[in-house]
Each structure stands twice: as structure tokens, then as C-alpha cells.
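Survey of secondary and tertiary structure
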Amino acid sequence: MAQLLFFGRLGDLAGGAERMLGLSEPQAIADLIGILGQSDDLLGSALAEPRIRYAINGAIVDADALVEDEDELAFLPPVSGG
């Protein structure tokens, strides 16, 4: 199962910081966002925002990167601070 991690406000929208998702074949991140958005429009919209970054197994990737069943996919919101 792929492990989906939601950081910051994305965790609030997702109802928790982590979800497990079984994938029968590799899926593009953009497609996974569409799947998540089918059950929750607000979460899907937030994950598709241009400022959101994605990381597969700790490496920053684009939305067209493929996620496999044993991967960890992190959704990273913009970080601010000082």
C-alpha cells in the first residue's frame, strides 16, 4: 500500500496526517489527486494548488511522477517563517 502523508493544513483537510492507499498499478500524482478529489472536493482542490509540492520517498517530484504501491507520497504545503 502507498502511504500518503499530508502536512500542515492539508492534514486538517484530509482528516488526518496519513492515509494508506492500495494501488494495483503505478499512478501519476495528478491522477491520485483526482481520485482523492472525487470523495472530497475541498481536499482535491487544495492538493492541486500550484504552490503544493510533492515528494516520493523523500525526493521532490512533479505531479506527473508515478507513485507505486509501496511508495511514500508526501503533500507539502508552502512553508513560511522567519
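Above this text sits the structure in question.
In short, a report on the structure. (Residues numbered from 1 in each chain as written. Predicted model: local features only at pLDDT ≥ 70, side-chain atom pairs only at ≥ 80, totals over all residues. Heavy atoms only, no water.)

1. Focus: unusual backbone geometry
Short version of the rule: What counts as a helix is a DSSP run of H or I of at least four residues, what counts as a strand is a run of E of at least two, and both are numbered from the N terminus. Only protein chains enter the area calculation, which uses a 1.4 Å probe; residues under 20% of their type maximum are buried, those over 50% are exposed, and those in between are partly exposed.
Phi at N57 takes a positive value of approximately 50°, unusual for a residue other than glycine. Among the secondary structure elements, N57 is positioned in the loop between β4 (53–56) and β5 (59–61). Judged by relative accessible area, which is 48%, N57 ranks as partly exposed.

2. Some points on the sheet that holds strand β1 (residues 2–6)
For clarity, the threshold we go by: Pairing between strands is defined by DSSP: at least two bridges between them are needed. Working convention: axes come from line fits to C-alpha atoms, limited for helices to the stretch in contact. Angles between N-to-C directions cover 0 to 180 degrees. The contact criterion used throughout is that any non-hydrogen atoms of two residues lie within 4.5 Å.
As summarised here, the arrangement of the 5 strands in space is β2-β1-β7-β4-β5, forming an open sheet in which the pairing is mixed. The open sheet has two edge strands, β2 (18–21) and β5, and neither has a second partner. The sheet shows a mean angle of 25° between the axes of neighbouring strands, taken without regard to direction. Here 4 bridges tie β1 to strand β7 (residues 72–76), and the two strands are oriented parallel to one another. The partner of Q3 across the bridge, within β7, is E72. Contacts from helix α2 (residues 29–39) reach β1, β2, β4, β5 and β7, with the element oriented near 75° to β7.

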